[in-house]
Amino acid sequence: MPTRTETSLTLAAALALASSTALAAEAIAPAHPLDQPAALMAAFAARIGHRVDVLEFRLGEHHARMLVQTGEDFDEYEAIPGQVLAQGTPRKAGSVECRKKLPFDAVDAALGVRLLAQARTIAAANGYEEPPNLELGAGMMCEELGWRVVLHSERNSEVFLHLTWSTDGAKVKARELRDGGWHKVDPAKLLAGAAQVAPAAPPKALPRVAGDGRKRDFLRSIDADLERLAASTGAPLALRRIGVDATQLSVDLYRADDRRRVSTWLVDADGRMQLWREDKTMPLDCNKPFATGDFPLAQLPAMIADAPGLVATMPGAVVKDVAIYRSGFCGKPHVYIRIEDERGYGNVEFDQAGRLLRADIQ
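It should be emphasised that the depicted structure is a prediction, and the values quoted were computed from it without experimental measurement.

The next subject is the sheet that holds strand β12 (residues 239-244). Taking strand neighbours across the sheet as the criterion, the nine strands line up as β11-β15-β14-β13-β12-β16-β17-β18-β19 in an open arrangement whose pairing is antiparallel. Looking at the sheet topology across the chains shown, the edges are occupied by β11 (208-209) and β19 (356-361). Sheet analysis places strand β17 (residues 333-340) next to strand β18 (residues 345-350), joined by six bridges and oriented antiparallel. Paired with Arg338 across the bridge in β18 is Asn347.

Shown next, in the form of structure tokens:
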């Protein structure tokens, strides 16, 4: 990959280049953005057409994206190699959580190309997959602006390497997510290949419980199988989510020893139960369990039976599936019933007391 020493253009210079190459009329992304970062910035400048601040800039060989701010307005622009850039897509101000930004002419796309090449060298040296792009912006917790890339590995899907550079590329930090926490890594070791990804541990044999021979329709009842599951796990159910259709019951449970881990159990129509998988929750998830007494379990069959008749414009609808989980961010557990007919889907929602909240077409 070329490592040109092209510097970022000021917005005025970018616009001049755009005009001289007929990009002002049609802002065309270069066919190879990583080989032509100046032309890429010129295309963005030609399409935007006025001074802006940049909140996010994603740079890759197949796609580039820029979120910009003009006054109180936010717009998102995309560049696909060899294609004319479309007009910006407005973004609602409420969806932009972090407002840290740089002037357009302070965004050095050539530096981004060099850092992406460095990240790919680090990935190859340490057993990670090649990253397709990197991003300039603030982190998830609205940290300082910087260039960021997250490396993944097929060797171990639970290990991630997070690389961060300052906006000028002068400072680099590295940290690895493993064993449930972040650990600092010396960047010098990464270039030398001295931070290899540890292979994933062999999968454990997952617990199974034999069926009882009784055929089930879970849309009519799940009470007995929730009791069986509690007996099998040896503890009251710390629920994250319940999923139901006619032939399968799925239950996501928080682990008693670690609320950041969730076990998913499946029950089939013959009553066979098995632990299907264990996952980590996301960093900002609620992680607050609910119990079977926190939602109208006894009313559930009636709510499911009534749901198709609650959307008048879907007279032939049937229930597709049901989900029970906390509403909003850590709200009360609600019951969500999805119905369908030959034309599409509808949604019916009940609150924690069994009161109907909505019934509409999706």
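After presenting the structure, the write-up continues.
Before going further, it helps to examine the pattern of salt bridges. This model, assessed by the stated rule, comprises 24 salt bridges. For Arg272, the salt bridge is made with Asp268, and the minimal N-O distance between the two is 2.9 Å. Its relative accessible area of 45% is what places Arg272 among the partly exposed residues. A salt bridge links Asp351 to Arg355; the nearest nitrogen and oxygen atoms lie 2.9 Å apart. For Asp351, a relative accessible area of 5% gives the class buried. A network of salt bridges, in which partner residues are shared, links Glu56, Arg58, Arg65, Glu76, Arg91 and Glu135.

Turning to helix α3 (residues 109-126), a few remarks are in order. Between its first and last C-alpha atoms α3 spans 26 Å; for 18 residues at 1.5 Å apiece the expected length is 26 Å, and the two agree. Burial analysis of α3 places 13 of its 18 residues in the buried class, which makes it a mostly covered element. Sitting at the head of α3, Asp108 places a side-chain oxygen 3.2 Å from the backbone nitrogen of Ala110. Where α3 terminates, the next one or two residues include Gly127, which has phi positive at roughly 90°.

Attention shifts here to the pairing of β17. Two faces, one strand: in a regular strand the side chains alternate between the faces of the sheet. Counting buried positions along β17 gives six out of eight residues, so the element sits mostly inside the fold. In the sheet, strand β16 (residues 318-326) pairs with β17 via eight bridges, with the strands oriented antiparallel. Note that in β17 the partner of Val318 across the bridge is Glu340. Count of turn residues in the β16/β17 antiparallel hairpin: six residues, of which Gly328 carries a positive phi of about 55°. The turn joining β17 and β18, which pair antiparallel and follow one another in sequence, is formed by four residues.

Take the pairing of strand β14 (residues 258-268) next. In this sheet, β14 lies alongside strand β13 (residues 248-255) in antiparallel orientation, the contact comprising eight bridges. Residue pairing for β14: Tyr254 is matched across the bridge by Val262. Taking the residues between adjacent antiparallel strands as the criterion, β13 and β14 are bridged by two residues. Across seven bridges, β14 lies against strand β15 (residues 273-280) in antiparallel orientation. Bridge pairing in β15 links Ser263 to Glu278. Here β14 folds back onto β15 in antiparallel fashion, the turn holding four residues, of which Gly271 has a positive phi close to 90°.

Another point: the state of the cysteines. All chains considered together, the criterion is met by two disulfides. Through a disulfide, Cys98 is tied to Cys142; the S-S separation comes to 1.9 Å. The chirality of the disulfide connecting Cys98 with Cys142 is right-handed, given an S-S dihedral of about 65°. Separated by 44 residues along the polypeptide, Cys98 in the loop between β4 (89-91) and β5 (102-103) and Cys142 in the loop between β6 (133-137) and β7 (146-151) bring together distant segments of the chain. Residue class for Cys98 comes out buried when judged on its relative accessible area of 17%.

Core analysis: the largest hydrophobic core is formed by 47 residues, its most contacted members being Phe44, Phe57, Met66, Phe104 and Leu163. The set of elements that each furnish at least two residues to this core consists of α2 (37-48), β1 (53-60), β2 (64-70), β3 (73-79), α3, β6, β7 and β8 (160-165). Counting residues in each nonpolar core, the second largest holds 34 residues, with Phe218, Leu239, Val244 and Ala307 among its members.

The next point concerns the side chain of Thr164. Within the element layout of this structure, Thr164 appears in strand β8. Those residues in contact with Thr164 that sit more than four places away from it in its chain are Trp147, Arg148, Lys171, Val172 and Lys173.

In this structure, the second largest pocket encloses a volume near 410 Å³. Looking at the second largest pocket, it is lined by 15 residues, and the ones nearest its centre are Glu143, Arg148, Thr164, Lys173 and Arg175. Ranked by residue count, the leading element in the lining of the second largest pocket is strand β9 (residues 172-178), at four residues. Of the residues assigned to the lining of the second largest pocket, the class counts are four nonpolar, four polar and seven charged.

Cut-offs applied
- Residues numbered from 1 in each chain as written.
- Predicted model: local features only at pLDDT ≥ 70, side-chain atom pairs only at ≥ 80, totals over all residues.
- Heavy atoms only, no water.
- Pairing = 2+ DSSP bridges.
- Helix = DSSP H or I, 4+ residues; strand = E, 2+ residues; numbered from the N terminus.
- Salt bridge = Lys/Arg side-chain N within 4 Å of Asp/Glu carboxyl O.
- Buried < 20%, exposed > 50% of the residue type's maximum accessible area, 1.4 Å probe, protein only.
- Expected span 1.5 Å × (residues − 1).
- Polar contact = N/O pair within 3.5 Å; in protein donor to acceptor, adjacent residues only side chain to side chain.
- Disulfide = S-S within 2.5 Å.
- Core = buried A, V, L, I, M, F, W, Y, C linked by side-chain atoms within 4.5 Å.
- Contact = heavy atoms within 4.5 Å.
- 1 Å grid on protein atoms, 1.4 Å probe; cavity = no way out; pocket = protein on both sides within 12 Å on 5 of 7 lines; lining within 4 Å.
- Points joined across faces, edges and corners; volume = space filled by probe spheres on them.
- Nonpolar A, V, L, I, M, F, W, Y, C, P; charged D, E, K, R; others polar.

Purely geometric numbers; function is a separate question.
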